[in-house]
Amino acid sequence: MTDEVLVVAGAVLDGGRLLLAQRDRPAELAGLWELPGGKVEPGESPAQALVRELCEELDVSVSVGDSLAGVVRPKPGLTLVAMRATIVSGTVRAVEHRALRWVDADGLSELIQTGSMVPNDLAWARELMGELQVRRHGLS
Ligand SMILES: Nc1nc2c([nH]c(=O)n2[C@H]2C[C@H](O)[C@@H](COP(=O)(O)OP(=O)(O)OP(=O)(O)O)O2)c(=O)[nH]1
């Protein structure tokens, strides 16, 4: 029996845009933007959990790719990882979030600067902003 919680979040990229989801709960995170995802359940791999969570939260099927570099440990017993994901079927809709939005590098930069991102996600947001800038300039 362990009380370690692993959360997997999805970096869903489409061309030069990243999908963000606006939390509706808990109160201290409500209104802030995050990478959609959730807790890995017993017996699941992080990739399996991400496929399940994005189906539940966004109503789409995804294929899961590489992990982002940052591993976040905001408090003992809680670890957050993020993995790239690509939509293979369906159109995203906000099943469990307040809203969804696609952002380019400038949109993501503005959300970071205005304190609108979930604080635990800032390292991922900065990593992804660099990637969106590269994509915008057609360098990859
Ligand atoms: N999904 C997600 N959760 C995040 C992110 N950043 C971050 O600190 N968290 C935290 C918030 C929550 O404490 C936890 C994930 O909770 P959740 O509510 O999204 O996961 P879940 O759907 O499996 O949870 P639940 O049904 O048991 O409430 O991780 C993020 O980018 N995405």
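Note that the coordinates shown come from a computational prediction; the quantities given were computed from them, not determined experimentally.

K.L.:
Would you mind showing me how to read the overall build of the protein chain here?
P.N.:
In terms of helices and strands, the protein chain carries 3 helices and 8 strands. Counting helices and strands in the order they occur from the N terminus, the protein chain gives β-β-β-β-α-β-β-β-β-α-α. For 140 residues, the compact-globule estimate of 2.2 N^0.38 gives 14 Å, and the protein chain sits close to it at 14 Å. Its C-alpha atoms give the protein chain principal-axis dimensions of about 50 × 30 × 30 Å. Relative to its 140 residues, the protein chain shows a buried fraction of 29%.

K.L.:
Please explain the site of the ligand as it appears in this structure.
P.N.:
All residues in the neighbourhood of the ligand are listed as Val7, Ala9, Glu34, Leu35, Pro36, Gly37, Gly38, Lys39, Leu80, Val118, Asn120 and Asp121. Of all the elements in the fold, those that place two or more residues in the shell around the ligand are strand E1 (5-14) and strand E4 (37-39). For the shell around the ligand, the element with the highest residue contribution is E4, accounting for 3 residues. Taken together, the residues of the shell around the ligand break down into 6 nonpolar, 3 polar and 3 charged.

K.L.:
Mind showing me how you'd approach the confidence of the model for the protein chain here?
P.N.:
The predicted coordinates of low-pLDDT regions are not to be read in fine detail. Of all residues in the protein chain, 97% attain a pLDDT of 70 or more, and the chain-wide mean is 95. On the interface metric, ipTM, the complex scores 0.92, and its pTM is 0.94.

K.L.:
How do you make sense of the pairing of strand E7 (residues 78-89) when you look at a structure like this?
P.N.:
Consecutive residues of a regular strand have side chains that alternate between opposite faces of the sheet. Alignment of E1 against E7, held across 8 bridges, turns out to be parallel. Residue pairing across strands places Gly10 opposite Met83, the latter belonging to E7. The sheet contact formed by strand E5 (residues 61-67) and E7 spans 5 bridges and is antiparallel. In the sheet register, Val62 faces E7, and the bridge partner there is Ile87. Sheet topology note: the strand E6 (residues 72-75)/E7 ladder contains 2 bridges and is antiparallel. Of the residues in E7, the one forming a bridge with Val72 is Leu80. Adjacent in sequence and paired antiparallel, E6 and E7 are bridged by 2 residues, among which Gly77 carries a positive phi angle near 90 degrees.

K.L.:
Just to check I follow, could you spell out the nonpolar core for this structure?
P.N.:
In globular proteins that are soluble, nonpolar side chains generally tend to be buried together. Ala11, Leu18, Leu108 and Leu128 are the most contacted members of the largest nonpolar core, which has 34 residues in total. Elements with a minimum of two residues in this core: E1, strand E2 (17-22), helix H1 (46-58), E7, helix H2 (105-113) and helix H3 (122-136).

K.L.:
Looking at this structure, how should I read the environment of Val60?
P.N.:
Mapped onto the secondary structure, Val60 falls in the loop between H1 and E5. Residue classification places Val60 among the buried residues on the basis of 20 C-beta atoms within 10 Å. Expressed as a C-alpha distance, the spacing of Val60 and Leu35, which sit 25 residues apart in the sequence, is 15 Å. Those residues in contact with Val60 that lie beyond four places of it in its chain are Leu54, Cys55, Ile87, Ser89, Gly90, Thr91 and Val92.

Rules of the game
- Residues numbered from 1 in each chain as written.
- Predicted model: local features only at pLDDT ≥ 70, side-chain atom pairs only at ≥ 80, totals over all residues.
- Helix = DSSP H or I, 4+ residues; strand = E, 2+ residues; numbered from the N terminus.
- Rg over C-alpha atoms; globule rule 2.2 N^0.38 Å.
- Buried ≥ 20, exposed ≤ 12 C-beta atoms within 10 Å, placed from the backbone.
- Near = placed C-beta within 6 Å.
- Nonpolar A, V, L, I, M, F, W, Y, C, P; charged D, E, K, R; others polar.
- pLDDT = per-residue confidence, 0-100.
- Pairing = 2+ DSSP bridges.
- Core = buried A, V, L, I, M, F, W, Y, C linked by C-beta atoms within 7 Å.
- Contact = placed C-beta atoms within 7 Å.

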